[in-house]
Amino acid sequence: MSTARTASRTRTTSESTIDLSINLDGTGESSISTSVPFFDHMLTAFAKHSLTDLTVVSTGDTHIDVHHTVEDTAIVLGQAIREALGDKAGISRYGDALVPLDEALAQAVVDISGRPYLVHTGEPAGFEMHLIGGHFTGSMVRHAFEALTFHAGLTVHVNVLAGRDPHHIAEAEFKALARAFRQAKALDPLVVGIPSTKGAL
Ligand SMILES: [Mn+2]
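An unreviewed UniProt entry lists the protein under the name Imidazoleglycerol-phosphate dehydratase, with Microbacterium nanhaiense as the source organism. Among the UniProt annotations of the protein, the heading Catalytic activity (unreviewed entry) holds the following wording: "D-erythro-1-(imidazol-4-yl)glycerol 3-phosphate = 3-(imidazol-4-yl)-2-oxopropyl phosphate + H2O".

Would you explain the coordination of the manganese ion in this entry?
Four donors placed tetrahedrally about a metal ideally form angles of 109.5 degrees, and six donors placed octahedrally ideally form angles of 90 or 180 degrees. Protein-derived coordination of the manganese ion comes from H41 (NE2), H167 (NE2) and E171 (OE), at a distance range of 2.0 to 2.2 Å. Positions of the donor residues of the manganese ion along the chain correspond to the pattern H-x125-H-x3-E. Of the two residues, H41 sits in helix α1 (residues 37-50) while H167 sits in helix α4 (residues 166-185), which places them 126 residues apart along the sequence. We classify H41 as partly exposed; its relative accessible area is 33%.

Explanation requested: the sheet that holds strand β4 (residues 53-60) in the structure shown.
Whenever strands of a sheet pair, they do so through backbone hydrogen bonds, lying parallel or antiparallel. Spatially, four strands are ordered β1-β2-β4-β3 in an open sheet, and the strand pairing comes out mixed. Every other strand in the sheet has two partners, leaving β1 (6-12) and β3 (30-33) as the edge strands with one partner each. On average, each strand axis in the sheet is inclined to that of its neighbour by 5°, with strand direction left out of account. Against the sheet, α1 contacts β3 and β4, and its axis sits at roughly 160° relative to β3.

What exactly am I supposed to notice about the packing of aromatic side chains here?
Any aromatic ring pair is given by two values, namely how distant the centres are and how the planes are angled relative to each other. A complete count under the given rule lists five aromatic pairs for this structure. An aromatic cluster is defined as three or more aromatic residues linked by ring pairs; in this entry it consists of F38, F39, F136, F145 and F174.

Procedures and definitions
Residues numbered from 1 in each chain as written. Predicted model: local features only at pLDDT ≥ 70, side-chain atom pairs only at ≥ 80, totals over all residues. Heavy atoms only, no water. UniProt positions renumbered as here; feature names shortened; annotations may be inferred. Donors = N, O, S within 2.8 Å, 3.2 Å for Na, K, Ca; no water. Helix = DSSP H or I, 4+ residues; strand = E, 2+ residues; numbered from the N terminus. Buried < 20%, exposed > 50% of the residue type's maximum accessible area, 1.4 Å probe, protein only. Pairing = 2+ DSSP bridges. Axes fitted to C-alpha atoms, helices over the stretch in contact; angles between N-to-C directions. Contact = heavy atoms within 4.5 Å. Phe/Tyr/Trp six-rings, centres within 6.5 Å; stacked < 30°, edge-to-face > 60°.

This is the structure in C-alpha cells:
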C-alpha cells in the first residue's frame, strides 16, 4: 500500500474537544491525555497492543461526569480508524484474540466489515456500576466499544469469559480488542485488492 494509513481529526462540541491522530502502521507508541485517567490507561494499552500509534488530547465536562468525554473520544477514534483504513485493500480483515489479565479472560473478534455491529457479553453482574479508579464506571467500557465500533464501521464481538477485579476485566477487554484489531488491520501480502466477494468493505 502506497498511501499512509494515518488520520487526524478534531471535534468540538459544547461538551468536549477532541484532538486525535492515528497511524495504523505504527509500533504502538502513544501520548494519551483524555483528562479521564483510567481511559488514558485503556487507550495506552489499546495503542500498544494493536501496534497503532495514537496521540489524543481530550478535554470536556468531566466535572459533570466522564461520560461525554469518553464517548466523544471513542467516536473520534472510530472516525479516525475508518479514515485511516482507506479503501481497505490488502488487509487481513478478520482478527481474533483471547487475552488474560491474571484472573480475567476476555475474547475479542473483529471484522473490518464496513457494517457496524457490537456483540458484548459476559461482564459479571454489577460490573457496569463499579467505579474504577474512583471515576470510570464499568458501563463506560461498553459505551466506548459502541462508539468506536459504530464510527469505525467494524463488526466486533467481545466476550468476558472470566474475571473478578473490575480493573482487570476492563483492561483484558481493551487488550483483547486491540490484539484482534491488530490482526484484522494488518496488511496481508497474499491478499490482492479488497478482501470481499462484493469488492467493497
Ligand atoms: Mn492496569
